[in-house]
Amino acid sequence: MDFTALLHTQRVWDLPELPAFDPAGAPSAPLPLFHEWFAEAVAAGQTEPHVMSLATVGDDGLPDVRVLMLHGADERGWHFASHSTSRKGEQLAAHPHAALGFYWPAQARQIRIRGPVTAAPSPESQADLHARSTGALAAAMTGRMSEVLGSQEELRTVSAAAWERARAEPDAPVETWRLYVLEPTEVEFFQGDARRQHVRLRYRRGEAGGDWARELLWP
């Protein structure tokens, strides 16, 4: 089977029933609805619901995207982390705006978030790192994210040393580790519909802050 034929055999939302979503009953701000949908995704058995896409902009003005984990979502915004010296870290330092995307096919839902990004203070960034697993600390200690790798053997050697240090020094600092917070100015909730009458609810807030405006979008 060639690629096009294989592609055309794929289906989405192969579910007995899709969840209903009445935007008229949605809260006045997006964060409570995000928490609600996240809990429902977990209850529905969605694999890795905390994994999201992060889009940034490079110095060439072109978009860049990758998948990473959510570290938190509170009144300040949506949290994620990386090295300040990584490609995404350098892009955020130069162009401190980003977009996030969550896709939960177990419920035919996606969430899109846009806004400015700030780096949390170093103590908070280090606390975020040390609250994670030994493997996460070892990976952070390995460092050099996005740099050219000479060989897999080089990675194995550096990684083994990092694991040994992470076990011996679970509170060791990693100075380039940053917790980033995206403060949302726009959040869209998408609920898929079997008849393609998808529900799209967008929250928007001006740069000066204030209350959220809500509006429906054509699918």
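Here's a quick rundown of the structure. Just so it is clear, the structure is predicted and the values come from calculations on it, not from any experiment.

**Some thoughts on the nonpolar core**
For step 1, the next point in the chain: Residues Phe34, Trp78, Phe80, Phe102 and Ile111 are the most contacted members of the largest nonpolar core, which totals 29 residues.
For step 2, the next point in the chain: In terms of nonpolar packing, the next biggest core, distinct from the first, is built from 13 residues, Ala140, Ala166, Ala172 and Trp177 among them.

**Points about the packing of aromatic side chains**
For step 1, the next point in the chain: Applying the stated criterion to the full structure yields 12 aromatic pairs.
For step 2, the next point in the chain: An angle of 45° between the planes, with centres 6.2 Å apart, marks the rings of tryptophan 13 and phenylalanine 190 as tilted. Here phenylalanine 190 lies in strand 8 (residues 186–191) and tryptophan 13 lies in the loop between helix 1 (3–8) and helix 2 (30–43), a separation of 177 residues in the sequence. Taken as a pair, tryptophan 13 and phenylalanine 190 share a single burial class, namely buried.
For step 3, the next point in the chain: A centroid spacing of 5.8 Å and a plane angle of 75° characterise the contact between phenylalanine 189 and tyrosine 203, whose relative ring orientation is edge-to-face. Separated by 14 residues along the polypeptide, phenylalanine 189 in strand 8 and tyrosine 203 in strand 9 (residues 199–206) bring together distant segments of the chain. Comparing phenylalanine 189 with tyrosine 203 shows no difference in burial state: the two are buried.
For step 4, the next point in the chain: Each member of the aromatic cluster is reached from another via a ring pair, and the members are Phe21, Trp37, Phe189, Tyr203 and Trp212.
For step 5, the next point in the chain: One cation-aromatic arrangement involves arginine 109 over tryptophan 37; the distance from NZ or CZ to the ring centre is 4.0 Å.

**Here we look at the side chain of histidine 79**
For step 1, the next point in the chain: Along the chain, histidine 79 falls in strand 4 (residues 77–83).
For step 2, the next point in the chain: If near-sequence neighbours (up to four positions away) are discounted, histidine 79 is found in contact with Met52, Met69, Leu70, His71, Gly72, Asp74, Leu179, Tyr180 and Val181.

**Topic: the pairing of strand 9**
For step 1, the next point in the chain: Sheet topology places strand 8 next to strand 9; 6 bridges connect them, and they run antiparallel. Across the sheet, glutamate 186 pairs through a bridge with arginine 204, a residue of strand 9.
For step 2, the next point in the chain: Strand direction decides the pairing type here: strand 9 and strand 10 (residues 209–217), joined by 6 bridges, are antiparallel. Paired with tyrosine 203 across the bridge in strand 10 is arginine 214.

**Observations regarding the side chain of glutamine 91**
For step 1, the next point in the chain: Looking at where glutamine 91 falls in the secondary structure, it is placed in helix 3 (residues 87–94).
For step 2, the next point in the chain: Only 3.2 Å separates the side chain of glutamine 91 from the side chain of aspartate 64, close enough to count as a polar contact.
For step 3, the next point in the chain: Those residues in contact with glutamine 91 that sit more than four places away from it in its chain are Thr56, Val57, Gly58, Asp64 and Arg66.

**A few points about the pairing of strand 7 (residues 177–182)**
For step 1, the next point in the chain: With 5 of 6 residues buried, strand 7 lies mostly within the body of the structure.
For step 2, the next point in the chain: As paired strands, strand 6 (residues 109–119) and strand 7 are joined by 3 bridges and run antiparallel to one another. Bridged to valine 117 within strand 7 is leucine 182.

**Some details on the pattern of salt bridges**
For step 1, the next point in the chain: All chains considered together, the criterion is met by 15 salt bridges.
For step 2, the next point in the chain: In this structure, the salt-bridge partner of glutamate 153 is arginine 156, at a minimum N-O distance of 3.2 Å. In this pair, glutamate 153 and arginine 156 are both assigned in helix 6 (residues 152–168), 3 residues apart and thus about one turn of the helix distant.
For step 3, the next point in the chain: Salt-bridge contacts for glutamate 215 lead to arginine 202; the nearest nitrogen and oxygen are separated by 2.8 Å. Linking glutamate 215 in strand 10 with arginine 202 in strand 9, this pair joins segments that are 13 residues apart in sequence.
For step 4, the next point in the chain: Of the residues examined, glutamate 215 reaches a relative accessible area of 22% and is grouped as partly exposed.
For step 5, the next point in the chain: Since its relative accessible area comes to 21%, arginine 202 is described here as partly exposed.

About the thresholds
Residues numbered from 1 in each chain as written. Predicted model: local features only at pLDDT ≥ 70, side-chain atom pairs only at ≥ 80, totals over all residues. Heavy atoms only, no water. Core = buried A, V, L, I, M, F, W, Y, C linked by side-chain atoms within 4.5 Å. Buried < 20%, exposed > 50% of the residue type's maximum accessible area, 1.4 Å probe, protein only. Phe/Tyr/Trp six-rings, centres within 6.5 Å; stacked < 30°, edge-to-face > 60°. Helix = DSSP H or I, 4+ residues; strand = E, 2+ residues; numbered from the N terminus. Lys NZ or Arg CZ within 6 Å of the ring centre and 35° of its normal. Contact = heavy atoms within 4.5 Å. Pairing = 2+ DSSP bridges. Polar contact = N/O pair within 3.5 Å; in protein donor to acceptor, adjacent residues only side chain to side chain. Salt bridge = Lys/Arg side-chain N within 4 Å of Asp/Glu carboxyl O.

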